[in-house]
Amino acid sequence: MIKEFHTQSVEETEMIGRELAGSLDKEKPCFIAMYGDLGVGKTAFVRGLASVLAPTARVKSPTYTVVNKYEGDSIPLYHLDVYRINDEDELYSIGFDDYVNTGICVVEWSENIPESIPKDAIKVSIEKEGENFEKRKITVEVKG
């Protein structure tokens, strides 16, 4: 199933993240692969997810730390930024398998790790829309 959303503010982008979080089984690991250019709102979307899955989390981009862990009610929410990951070996050296198998794993810059994305991953693409700096098109693809 593919859903397309159009947002006009950061708050609306966060709201779409909250909606997706509300549809997840909060006790079962899952993988959310995020795609989009620099500054399109991937971290804002994750803030929306986290507001439901790990409400006490203070979400910030994990650009330099690669992974942030937020404690959820049942399982952790892992927020990864693989922008600086150069190959599959480097990815697995950060414990990637552990994150994928034990929590809800949200990965920014998934285009950098195409071979490591699970087949049942939820795919979220965000792109700027038009000349208005705030407008976004968000596409969410859920398998099954």
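The structure contained in this document is the topic of the report that follows. (Residues numbered from 1 in each chain as written. Predicted model: local features only at pLDDT ≥ 70, side-chain atom pairs only at ≥ 80, totals over all residues. Heavy atoms only, no water.)

## A word on the overall build of the protein chain
Then step 1. Secondary structure summary: the protein chain contains four helices and seven strands in total.
Then step 2. Going from the N terminus to the C terminus, the protein chain shows its helices and strands as β-α-β-α-β-β-α-α-β-β-β.
Then step 3. In terms of overall dimensions, the protein chain is globule-like: its C-alpha atoms have a radius of gyration of 14 Å, near the 15 Å expected for 144 residues.
Then step 4. Over its C-alpha atoms, taken along the principal directions, the protein chain stretches across nearly 40 × 35 × 30 Å. (Helix = DSSP H or I, 4+ residues; strand = E, 2+ residues; numbered from the N terminus. Rg over C-alpha atoms; globule rule 2.2 N^0.38 Å.)

## Some points on the side chain of Lys 42
Then step 1. Following the sequence through the fold, Lys 42 ends up in helix α2 (residues 42–53).
Then step 2. One buried charge, Lys 42, has no salt-bridge partner; the nearest side chain with opposite charge is Glu 108, at 4.6 Å.
Then step 3. Here the side chain of Lys 42 touches Asp 37 through a polar contact of 2.9 Å, landing on its backbone oxygen.
Then step 4. With sequence-adjacent residues up to four places away left out, Lys 42 is seen in contact with Met 34, Tyr 35, Gly 36, Asp 37, Glu 108, Trp 109 and Ile 126. (Buried < 20%, exposed > 50% of the residue type's maximum accessible area, 1.4 Å probe, protein only. Lys, Arg positive; Asp, Glu negative; His and termini not counted. Salt bridge = Lys/Arg side-chain N within 4 Å of Asp/Glu carboxyl O. Polar contact = N/O pair within 3.5 Å; in protein donor to acceptor, adjacent residues only side chain to side chain. Contact = heavy atoms within 4.5 Å.)

## Examining the pattern of salt bridges
Then step 1. Applying the stated criterion to the full structure yields four salt bridges.
Then step 2. Put simply, Lys 137 and Glu 4 hold a salt bridge, and the shortest N to O gap is 3.9 Å. With Lys 137 in strand β7 (residues 136–141) and Glu 4 in strand β1 (residues 2–7), this pair connects stretches of sequence that are 133 residues apart.
Then step 3. One salt bridge in this structure joins Lys 69 and Glu 71, with 3.3 Å as the shortest N-O distance.

Nothing here speaks to function; it is all geometry.
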